[in-house]
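Structural features, examined
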Amino acid sequence: MSVAGTVRGSLRFLAWGLLWGLAGCQTSPPAGPVPAPTGEVAAPAPIPPGAHEYKVVAGESLLQVLVYRGGAMAKLGHNHVIASHDLAGSVFVAGDPLATSFDIHFPVDKLTVDEPALRAVAGPDFPGSVPQNAREGTHTNLLSAALLDGGTYPEIRLRATGFKAAGEGYEAGIEVTLKGETHLLHVPVTVTRDGGALTARGEFPLKQSELGLEPFSVAMGTLVVLDDMRVRFTLVAR
């Protein structure tokens, strides 16, 4: 094999083993307003008096994080879809919807990488399937001490700090605890109620750096993981 071929092969192997999948075509994530960072973490919202508790239904809920590759050598890999089907916890709803509170968590070791069905509906930036060995390598690196450190911090926790009306929906203050550190995000949410079911949906841009993660870069920046990600979620509680 030529030297150039060896280098290309080494870079392709690297591309399969980076944080969040660290692979992708050369497109960037869709532009959009980024949640405002904050230097302070608010206290979680208390459970409102007389609130009704809704239990999160894992089988009907889904959290997805879309991660994008960049740099001159981005064509060596793919963008990736990281997902959790294991959301658990409670939502507490009172007469005033702005008093809603929740406490939700999910295990990091059960995060999935590039499920074919999720890639198929993720959009044009996620064409085709990703080889199984690349998916497995990505998952191993995702849980490593340098990234999510799943051995030390087995779950990620999401707690409400407050809601306010925003257009036809709400803006939720969410306290995210990841790797022992807590960060505050402001997330757009739409909510529907149908009998005994409560469904919350949303999509928003998010930076790795807002969660205390450092975007990966190699080869003098020609192969990078973009700081910008995109989060989509559907949460069903009954």
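Whatever comes next refers back to the structure up there.
As a starting point, this report considers the structure included with it.

**A look at the overall build of the chain**
Within the chain, the regular secondary structure consists of 3 helices and 12 strands. For the chain, buried positions account for 45% of its 238 residues. Residue pairs in contact within the chain that sit at least 24 positions apart in sequence constitute 69% of those at least 6 positions apart. For the chain, the exposed surface amounts to about 11500 Å²; the carbon and sulfur share of it is 58%.

**Observations regarding the pairing of strand β3 (residues 80-84)**
In terms of burial, β3 is a largely internal element, 5 of the 5 residues being buried. Residues H80, I82 and S84 of β3 are buried on one face, and the alternating residues V81 and A83, pointing to the opposite face, are buried as well. Two elements, β3 and strand β6 (residues 112-113), share 2 bridges in a ladder whose sense is antiparallel. Bridge pairing in β6 links I82 to V113.

**A short note on the nonpolar core**
Within the largest apolar cluster, 40 residues are counted, with the highest numbers of intra-cluster contacts made by V91, F102 and L158. Secondary-structure elements contributing two or more residues to this core are β2 (62-70), β4 (88-93), β5 (101-107), β7 (155-166), β8 (169-178), β9 (181-194), β10 (197-207) and β12 (223-237). It is β12 that provides the largest number of residues to this core, a total of 6 residues. Ignoring sequence-local partners within four residues, the contact set of L158 consists of F102, D103, I104, F106, I174, E175 and V176.

**Re unusual backbone geometry**
Although it is not a glycine, D114 sits at a positive phi angle of roughly 55°. Of note in the backbone geometry, D149 takes a positive phi value of approximately 50° without being a glycine. Here D149 shows up in the loop between α3 (132-142) and β7.

**Let's talk about the environment of R157**
Locating R157 in the fold gives a position in strand β7. On the basis of relative accessible area, R157 is assigned to the partly exposed category, the value being 31%. C-alpha of R157 to C-alpha of K179: the two residues are 22 residues apart in sequence and 10.0 Å apart in space. A distance of 2.5 Å separates polar atoms of two side chains, one belonging to R157 and the other to D103.

**Section: the packing of aromatic side chains**
Within this structure, the stated rule accounts for 4 aromatic pairs. For the ring pair F163 and Y170, a centre distance of 6.5 Å and an interplane angle of 85° mean the geometry is edge-to-face. Given the relative accessible area of 23%, Y170 is considered partly exposed. A connected cluster of aromatic rings, assembled from ring pairs, spans F102, F163 and Y170.

**Section: the pattern of salt bridges**
Inspection of the entire model under this criterion finds 9 salt bridges. Residues K164 and E171 are paired through a salt bridge, measuring 3.6 Å at the closest nitrogen-oxygen approach. Between E203 and R232 there is a salt bridge whose closest N-O contact spans 3.2 Å. Placement of E203 in strand β10 and of R232 in strand β12 is noted, with a sequence separation of 29 residues between them. Taken together, the shared-partner salt bridges in this structure form one network comprising E203, R230 and R232.

Cut-offs and rules
- Residues numbered from 1 in each chain as written.
- Predicted model: local features only at pLDDT ≥ 70, side-chain atom pairs only at ≥ 80, totals over all residues.
- Heavy atoms only, no water.
- Helix = DSSP H or I, 4+ residues; strand = E, 2+ residues; numbered from the N terminus.
- Buried < 20%, exposed > 50% of the residue type's maximum accessible area, 1.4 Å probe, protein only.
- Contact = heavy atoms within 4.5 Å.
- Areas by Shrake-Rupley, 256 points an atom, 1.4 Å probe, with all protein chains shown as cover.
- Pairing = 2+ DSSP bridges.
- Core = buried A, V, L, I, M, F, W, Y, C linked by side-chain atoms within 4.5 Å.
- Polar contact = N/O pair within 3.5 Å; in protein donor to acceptor, adjacent residues only side chain to side chain.
- Phe/Tyr/Trp six-rings, centres within 6.5 Å; stacked < 30°, edge-to-face > 60°.
- Salt bridge = Lys/Arg side-chain N within 4 Å of Asp/Glu carboxyl O.

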